[in-house]
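A look at the structure
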Amino acid sequence: MTVKSLEQQFQERIDAGERIEAKDWMPEKYRKTHIRQISQHAHSEIVGMLPEGNWITRAPSLRRKVGLLAKVQDEAGHGLYLYSAAETLGISRDELFDQLHTGKAKYSSIFNYPTLSWADIGAIGWLVDGAAIINQVMLTRTSYGPYARAMVRICKEESFHQRQGYEIMLGLSQGSPEQKEMAQDALNRFWWPSLMMFGPRDEESPNTEQSVKWKIKRKTNDELRQEFVDITVPQAEILGLTIPDPDLKWNEERGHYDFGEIDWDEFWQVVKGNGPCNKERLGARVKAWDDGAWVREAAIAYSDRRSRSQGDEASRNQDVSAAI
Ligand code: BYC
């Protein structure tokens, strides 16, 4: 069978809506695209813990602290499911971490912005998790089985995350004038970076066309971004906050909101490592990895000892059965 006919059969399976599993034949580019996207996603979850983790000790009440702790812990879990899904494609976890720590692998641009006030935690839950859900609900139907299945549970947890953020924003926007101002300031700073999370415009996106063909993506970056704007504008109205975009207006004809131009120079600067917190975020991850070396070594030594003693026990049992 020629490689070309394997590729044709693969595309037919995709077109018929079949899921691709780890042991199935797949084009090398499909495998590589998934490793890139799933690992970028996993790294985003892990790096995404940093800006929020920064506020755990300063949450304004025990209830808020418990909620934020649970959310950050969920994100660690999401990272782990996603690293496991990436490993099914034949890459090791060590390689994935190495790619992150050496700056070879990307993670979401949004986590390179600072969290300056408690309201930022509300804005992240509301906007960043809100944007993530729109992207990830689509990914529950992505063509690669292990990724799609990981997304189902992640989406359920993201929905709790989005609500805890919106609830924080609701409390602040109904609070004192200073609290409302804090909420508005957080919205002003997180609105545009949240729109950037969906990636470059479709015509500037080198991966979209092939990814849509392979049903890795079911919708394009611009389609998802529009969905996010349409869902979020009425939520801002309920909060009584103003979206920082003078060009935002309902377009009756299109049945969607029109919105202003994203600062794409800023987006690419952040993606290339020159955002406000890129160095700090990567530095914190590398330090955590180095500081945790002794824990990994101890865990490996423990696991080796256990498998040796289980091996000894198995051979003792064998001797006993042979003697009987
Ligand atoms: N930031 O051809 P394109 C979360 C890169 S975490 C950085 O459109 P693609 C959460 C892109 O990788 C949310 N880089 O790419 C966690 C590509 O790079 P290459 C994370 C970006 O892959 C904690 C290049 O630009 N979600 O929910 O077809 C707390 C060209 O782009 C970004 C995911 O990762 C960006 N924003 O589409 C709270 C979802 N955008 O080719 C919340 C999974 C693009 O040079 N990922 N790039 O290596 C995806 O759905 C897709 O990868 C994207 C991009 C839509 C992001």
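See above for the structure.
Conventions adopted
- Residues numbered from 1 in each chain as written.
- Predicted model: local features only at pLDDT ≥ 70, side-chain atom pairs only at ≥ 80, totals over all residues.
- Heavy atoms only, no water.
- Axes fitted to C-alpha atoms, helices over the stretch in contact; angles between N-to-C directions.
- Helix = DSSP H or I, 4+ residues; strand = E, 2+ residues; numbered from the N terminus.
- Contact = heavy atoms within 4.5 Å.
- Near = heavy atom within 4 Å.
- Polar contact = N/O pair within 3.5 Å; in protein donor to acceptor, adjacent residues only side chain to side chain.
- Areas by Shrake-Rupley, 256 points an atom, 1.4 Å probe, with all protein chains shown as cover.
- Nonpolar A, V, L, I, M, F, W, Y, C, P; charged D, E, K, R; others polar.
- Parallel < 35°, antiparallel > 145°, perpendicular 65-115°, else oblique.
- Core = buried A, V, L, I, M, F, W, Y, C linked by side-chain atoms within 4.5 Å.
- Buried < 20%, exposed > 50% of the residue type's maximum accessible area, 1.4 Å probe, protein only.
- Phe/Tyr/Trp six-rings, centres within 6.5 Å; stacked < 30°, edge-to-face > 60°.
- Lys NZ or Arg CZ within 6 Å of the ring centre and 35° of its normal.
- Salt bridge = Lys/Arg side-chain N within 4 Å of Asp/Glu carboxyl O.

Their axes nearest at 9 Å, the elements helix H6 (residues 145-173) and helix H9 (residues 221-239) cross at an angle of 35°. Contacts between H6 and H9 involve Gln162, Tyr166, Met169, Leu170 and Ser173 from the first element and Gln235, Ile238 and Leu239 from the second.

Around the ligand, the surrounding shell holds 36 residues, and the nearest of these are Gln40, Ser109, Ser205, Lys217 and Asn221. In this structure, an oxygen atom belonging to the ligand sits 3.0 Å away from a side-chain N or O atom of Asn135. Within the contact set of the ligand, an oxygen atom lies 2.8 Å away from a side-chain nitrogen or oxygen of Asn221. Coverage of the ligand by the protein chains reaches 92% of its 1100 Å² of free accessible surface. For the shell around the ligand, the leading source of residues is helix H2 (residues 28-53), giving eight residues. Here the shell around the ligand is composed, by residue class, of 14 nonpolar, 13 polar and nine charged.

The contact between H2 and helix H11 (residues 278-291) brings their axes to 10 Å, and the two run at 110°. As judged from the angle between their axes, H2 and H11 are roughly perpendicular. From H2, Ile46, Val47, Leu50 and Pro51 reach across to H11, where they touch Arg281, Ala284 and Arg285. Its residues assigned to classes, the contact of H2 with H11 shows five nonpolar, no polar and two charged.

Glancing now at the nonpolar core. Generally speaking, soluble globular proteins have nonpolar side chains that are buried together. If you look at the biggest cluster of nonpolar residues, it comprises 73 residues, and the most contacted ones within it are Tyr30 and Trp191. It is helix H5 (residues 118-139) that contributes the most residues to this core, 12 residues altogether.

Okay, the packing of aromatic side chains next. Scanning the entire structure with this criterion turns up 13 aromatic pairs. For the pair Phe10 and Tyr30, a centre-to-centre distance of 4.9 Å together with 75° between the ring planes defines the contact as edge-to-face. With a gap of 20 residues between them, Phe10 in helix H1 (residues 3-15) and Tyr30 in helix H2 connect regions that are remote in the sequence. The ring of Trp55 carries the charged tip of Arg58 above its face, separated from the ring centre by 3.9 Å. Over the aromatic face of Trp289 sits the side chain of Arg296, whose NZ or CZ is 3.5 Å from the ring centroid.

The residue Arg225 is located in helix H9 in this model. Overall, Arg225 belongs to the buried group, its relative accessible area being 2%. Setting aside residues up to four positions removed in sequence, Arg225 forms contacts with Leu195, Met196, Phe198, Gly199, Pro200, Arg201, Phe259, Ile262 and Trp264.

Summed over the entire model, instances satisfying the criterion amount to 21 salt bridges. Of the charged contacts, one joins Asp120 and Arg189 as a salt bridge, the two residues approaching to 2.7 Å between their closest N and O atoms. On the criterion of sequence distance, the pair formed by Asp120 in helix H5 and Arg189 in helix H7 (residues 177-196) is long-range, its members being 69 residues apart. The salt bridge involving Asp185 is made with Arg189; its shortest N-O contact spans 3.0 Å. With Asp185 and Arg189 both in helix H7 and four residues apart, the pair spans about one turn of that helix. You can call Asp185 partly exposed: its relative accessible area is 35%. Residues participating in the shared-partner salt-bridge network are Glu52, Lys71, Glu75 and Asp129.

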